[in-house]
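Residue-level structure breakdown
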Amino acid sequence: RSFENIETAVKGKIGLIELNRPKVLNALNRQMVTEILEAMEQYDRDPDIKIIVLAGKGRAFAAGADIDEMMDADAISLETLNQFTDWDRLAWIKKPIIGAVHGFALGGAFELALCCDMLFASEKAEFGFPEVNLGIMPGAGGTQRLTKLVGKTKAMEWVLSGKRISATEALHFGIINSTFAEEVLMEETMKFAGNIANQPPLAVRMIKESIHKAVDYSLYEGMQYERKNFYLLFASEDQKEGMRAFKEKRKPDFKGK
Ligand code: HXC
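Here is a short report on the structure shown in this document. The shown structure was predicted, so the numbers you read here are calculated from the model rather than taken from an experiment.

A few words on the state of the cysteines. Taken as a whole and judged by the stated rule, the model has 0 disulfides. Cysteine cysteine 115 remains unbridged, with the sulfur of cysteine 116 as its closest cysteine sulfur at 7.1 Å.

Below, the structure is given as structure tokens:
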């Protein structure tokens, strides 16, 4: 399937998705978000793909939702369009998603970044929620995901002021995993993704699922969930192989079964 607003490429076991409307700094129109979801779901079903990398082409990750598309929107049409179901589906992707952010990740693009499981950014990357300057507010999880991640104090400051968050600050508050010089951001992200892609796929899957549950389950429920996933992995051949390889002092050969 060919896409109009994104570019996809398979690099070994990595499924790459690049936002591709560079003339408007990859402003996310609804079609682009749908395409991102379709590409992700395709990768999620593909047994040869183990991990997904999301990045932006041109000089930014993305400058937010497409303002041209939102200008004349009204509340009722937004309600009936129900565009955010695409965003909800993002949370159902089972394989890890790594975001590589350079330039701007503002508004809806910051929300998209916050949907990733891990984030690498260029040292010069800038994050932020400028929605308030347009008379609106984040609508795709910004007030929720950011607050769960950094707490009320900084979320209030950043979302109310609309100010930019530098990569250094984002790193300090645990929004991103690491920063790199822009020239090597993609290379380093792909290297890291390649390492995760070689981990036993079932364990990776259960780990992602369990960590996600920690965000919205109580500790007690989360512990039960973790335990079930832990037990489940003992039904896999990879568990036998991993432990046998350890005893035999050799490299394990994981099959994802
Ligand atoms: C539509 C956009 C855009 C956007 C940039 N462009 N951001 N078009 N929607 N969000 C367009 C510009 O109009 C311009 O087109 C071209 O991209 C290059 O942008 P410039 O402004 O010339 O670049 P620069 O001077 O470097 O400034 C970069 C910038 C600025 C600081 C990122 O573009 C900016 O402030 N953009 C808007 C950021 C924003 O408010 N995002 C939040 C959107 S609301 P032309 O034709 O003039 O060359 C949102 C709600 C989410 O995201 C809701 C849930 C999905």
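That covers the picture; the talk isn't over yet.
Attention now goes to the site of the ligand. For the ligand, the set of nearby residues contains 24 residues, the closest of which are Arg59, Ala63, Ala65, Ile67 and Gly108. Between a nitrogen atom of the ligand and a main-chain N or O atom of isoleucine 67, the distance comes to 2.9 Å. For the ligand, whose free accessible area comes to 1000 Å², the fraction covered by protein is 65%. Counting residues per element, the ones that place at least two in the shell around the ligand are helix 2 (67–70), strand 5 (104–106) and helix 5 (108–114). Residue composition of the shell around the ligand, by class: 14 nonpolar, 4 polar and 6 charged.

With that settled, the discussion passes to the layout of surface pockets. The computed volume of the largest pocket comes to approximately 1400 Å³. Contributing to the lining of the largest pocket are 42 residues, with Cys115, Asp117, Arg145, His212 and Val215 lying nearest its centre. At the level of elements, helix 4 (85–90), helix 5, strand 6 (118–122), helix 6 (142–150) and helix 10 (201–216) are the ones that each hand at least two residues to the lining of the largest pocket. By residue number, the principal contributor to the lining of the largest pocket is helix 10, which donates 11 residues. When its residues are assigned to classes, the lining of the largest pocket shows 25 nonpolar, 7 polar and 10 charged. Of the pockets and cavities examined, the second largest pocket occupies roughly 780 Å³.

About the thresholds
Residues numbered from 1 in each chain as written. Predicted model: local features only at pLDDT ≥ 70, side-chain atom pairs only at ≥ 80, totals over all residues. Heavy atoms only, no water. Disulfide = S-S within 2.5 Å. Near = heavy atom within 4 Å. Polar contact = N/O pair within 3.5 Å; in protein donor to acceptor, adjacent residues only side chain to side chain. Areas by Shrake-Rupley, 256 points an atom, 1.4 Å probe, with all protein chains shown as cover. Helix = DSSP H or I, 4+ residues; strand = E, 2+ residues; numbered from the N terminus. Nonpolar A, V, L, I, M, F, W, Y, C, P; charged D, E, K, R; others polar. 1 Å grid on protein atoms, 1.4 Å probe; cavity = no way out; pocket = protein on both sides within 12 Å on 5 of 7 lines; lining within 4 Å. Points joined across faces, edges and corners; volume = space filled by probe spheres on them.

Scope: geometric values only; no functional claims are made or implied.
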